[in-house]
Amino acid sequence: MSDIKVGLLGFGNIGAGVVKLLRENADLIRNKVGTGIVLKRIVDLDITTDRGVTVDPGVLSTSADDLFNDPEISVVIELIGGYEPAKTFVLKAIEKGKNIVTANKALLALHGDEIYAAAARKGVEIQFEAAVGGGIPVLTAIKSNLAANNFGSVIGIMNGTCNYILTRMTQEGADFAEMLAVAQELGYAEPDPTFDIEGVDTAHKLAILVSLCFGTKIDFNSIYTEGISRISGQDVKFANDFGYRIKLLAIGKLSDGQVEARVHPTMIPLHNPLSEVNGVFNAIRLTGDFVGPVMFYGRGAGQNPTASAIVGDLIGLARSMKAGAGRRMAPLGFLDAEVKTLPLKPMGDIVSKYMLRFSALDKPGVLAAIAGALGNHGISIESMVQTTHQDSDATPVPIVIKTHEAREGSIQAALAEIDRMDIICEKTVFIRIEDNLE
Ligand code: HSE
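All chains use their own residue numbering, which begins from 1 and follows the written sequence. Totals for whole chains, interfaces and linings use every residue, but because this is a predicted model, local features are given only for residues with pLDDT of at least 70 and side-chain atom pairs only at 80 or more, for both listing and counting. Only hydrogens and water are set aside; all other atoms, that is, all heavy atoms of the structure, feed into the side-chain values.

A separate point is the side chain of Asp362. Summarising the element assignment, Asp362 is placed in the loop between strand E13 (351-361) and helix H13 (366-376). When accessible area is computed with a 1.4 Å probe and restricted to protein chains, residues below 20% of their type maximum are described as buried, those above 50% as exposed, and intermediate ones as partly exposed. Under the counting rule used here, the positive set is Lys and Arg, the negative set is Asp and Glu, and His together with the chain ends is not counted. Think of a salt bridge as a Lys or Arg side-chain nitrogen and an Asp or Glu carboxyl oxygen that are within 4 Å of each other. Lys363 provides the closest opposite charge to the buried, salt-bridge-free Asp362, at an N-O distance of 10 Å. As used in this structure description, the phrase polar contact means that two N or O atoms lie within 3.5 Å; if the pair is within protein, one of them must be able to donate a hydrogen and the other to accept it, and residues adjacent in sequence are counted only when both atoms belong to side chains. A polar contact is formed between the side chain of Asp362 and the side chain of Gln386, at a distance of 3.2 Å. Note on conventions: DSSP H or I runs of at least 4 residues are helices, E runs of at least 2 residues are strands, and numbering of each starts at the N terminus.

What follows is about the packing of H13 against helix H14 (residues 408-419). Axis separation between H13 and H14 bottoms out at 9 Å; the angle between their running directions is 150 degrees. With respect to each other, H13 and H14 are oriented roughly antiparallel. Considering only the axes of H13 and H14, their crossing is right-handed. Where H13 approaches H14, its residues Ile370, Ala373 and Leu374 are matched on the opposing element by Ala414, Glu417 and Ile418. The residue classification treats Ala, Val, Leu, Ile, Met, Phe, Trp, Tyr, Cys and Pro as nonpolar and Asp, Glu, Lys and Arg as charged. All others, Gly included, are polar. In the contact of H13 with H14, the residues fall into five nonpolar, no polar and one charged. Interaxial angle, 0 to 180 degrees, is taken between N-to-C directions of lines fitted to C-alpha atoms, where a helix line uses only the stretch in contact. With respect to orientation, any angle under 35 degrees is reported as roughly parallel, any angle over 145 as roughly antiparallel, any angle of 65 to 115 as roughly perpendicular, and every other angle as oblique. It is the rotation of the near helix from the far one that decides the hand of a crossing: anticlockwise by less than a right angle makes it left-handed, clockwise makes it right-handed. By definition, residues are in contact when any of their heavy atoms lie within 4.5 Å.

Positionally, Ala239 belongs in helix H11 (residues 233-241). Judged by its relative accessible area of 0%, Ala239 falls in the buried class. Here the alpha-carbon distance between Ala239 and Leu270, two residues 31 residues apart in the chain, equals 9.5 Å. Ignoring sequence-local partners within four residues, the contact set of Ala239 consists of Tyr244, Ile246, Met267 and Met355.

This part covers the pairing of strand E4 (residues 73-78). The two faces of the sheet receive side chains in turn, since in a regular strand these alternate between them. Counting buried residues along E4, five of its six residues qualify, which places the element largely inside the surrounding structure. Here, strands pair whenever DSSP counts at least two bridges between them. Pairing geometry for strand E1 (residues 4-9) and E4, over five bridges, is parallel. Looking at E4, one finds that Lys5 is bridged to Ile73. Alignment of E4 against strand E5 (residues 99-102), held across four bridges, turns out to be parallel. Opposite Ile77, over in E5, you have Val101 as the bridge partner. If the strands point away from the viewer and the path from the first strand over the helix to the second runs clockwise, then the crossover is right-handed. Read as a crossover between parallel neighbours, the route from E4 over helix H4 (residues 86-95) to E5 is right-handed.

Structure follows, in structure tokens:
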């Protein structure tokens with residue numbers, strides 16, 4: 001069989017990684033597939049900037065039609081990112097009968113249904129291992145190796161930029177903005193880094209994971225999404241005093257036919273392996289009814305790990321083509337007709353423990369007032385600290401309380417009431433705690 005011819009849309013940092021990998025490991029790939037995988041066309045609006053890799057100038061083009069209209073190209077790698085023109089190009093490539101490999105989590109999280117349906121109509125495959133967890137092969141594991149399981153939960157640290165920033169804040173007391181600039185320089189961050197910091201990128205990945213694990217469509221805009229920009233050094237320190245580390249966690253759960261899908265800073269016990277996931281590393285923890293808990297760990301962003309996932313998808317497609325296997329699997333691993341739309345649990349109904357940081361005046365009756373309001377809403381206190389004692393009772397002090405499990409709706413109602421009290425000087429900070437990770 002002749003070489004598999006591939007087209008690349010988007011020649012940025014990750015695209016350059018793909019070019020490099022296909023060249024450096026060409027013999028290895030040939031030994032595993034039985035044919036070569038060759039980049040026949042690379043399309044980008046900018047074909048003059050040096051990407052640090054050598055390509056035959058004849059391969060470069062500024063016109064996507066050069067790729068779509070080439071019948072020899074059987075696979076298109078989409079690395080443009082974002083919604084448009086990526087969506088139009090992917091749909092056009094599918095229409096032309098080409099298989100797709102993409103790292104575009106934003107596109108799939110919002111427009112996956114339309115793209116999967118188009119791929120099904122044309123009988124082509126769409127692979128997107130690089131969209132979640134960089135180089136970590138978690139999607140393939142869910143769809144294939146763990147396909148025999150009903151999943152109960154999928155929880156993880158899925159944004160390298162946030163994890164890098166939180167790690168350095170925790171370990172060195174580093175400054176948030178400075179660390180964001182470093183993460184950008186290292187090529188971890190999205191073109192718009194607020195997607196990283198505000199949890200949107202993590203929510204994109206969670207949407208994909210929830211669909212794959214639970215076989216459900218999910219409305220991306222209904223995923224509760226909160227980023228790390230309001231986390232202070234003080235919160236990191238108090239969390240540590242209670243025996244926890246703060247991570248930006250994506251949490252997907254399925255119970256009683258209802259899906260939980262939420263992204264927010266979360267306190268994880270110090271002894272749990274997830275709290276030891278540092279820097280750009282990601283980790284994703286799944287629970288299956290037969291396999292039990294499984295955890296995946298690896299580099300969640302960066303040129304080489306992402307290229308590894310993309311070329312892994314290419315190799316899988318090349319093997320199928322070589323075997324004449326056609327479309328082996330629907331994109332989510334479930335038959336297209338079996339994908340449901342399960343209800344999403346409202347945030348007010350979730351149950352969690354919480355760390356509450358009050359900024360309150362240091363005078364008689366303050367604790368009683370706070371504890372009374374919590375008690376009135378059925379919230380039980382597990383422990384508390386008030387570490388700073390001020391000389392003047394007019395200066396606010398932090399009072400930090402860890403609760404037993406409570407409904408989020410009750411916490412919100414209690415805090416609204418407490419924050420209206422004269423003794424409270426700033427809006428109360430609350431951080432959810434995930435204790436059940438054994
Ligand atoms: N911006 C993402 C991150 C890149 O920081 O993890 C990988 O999706």
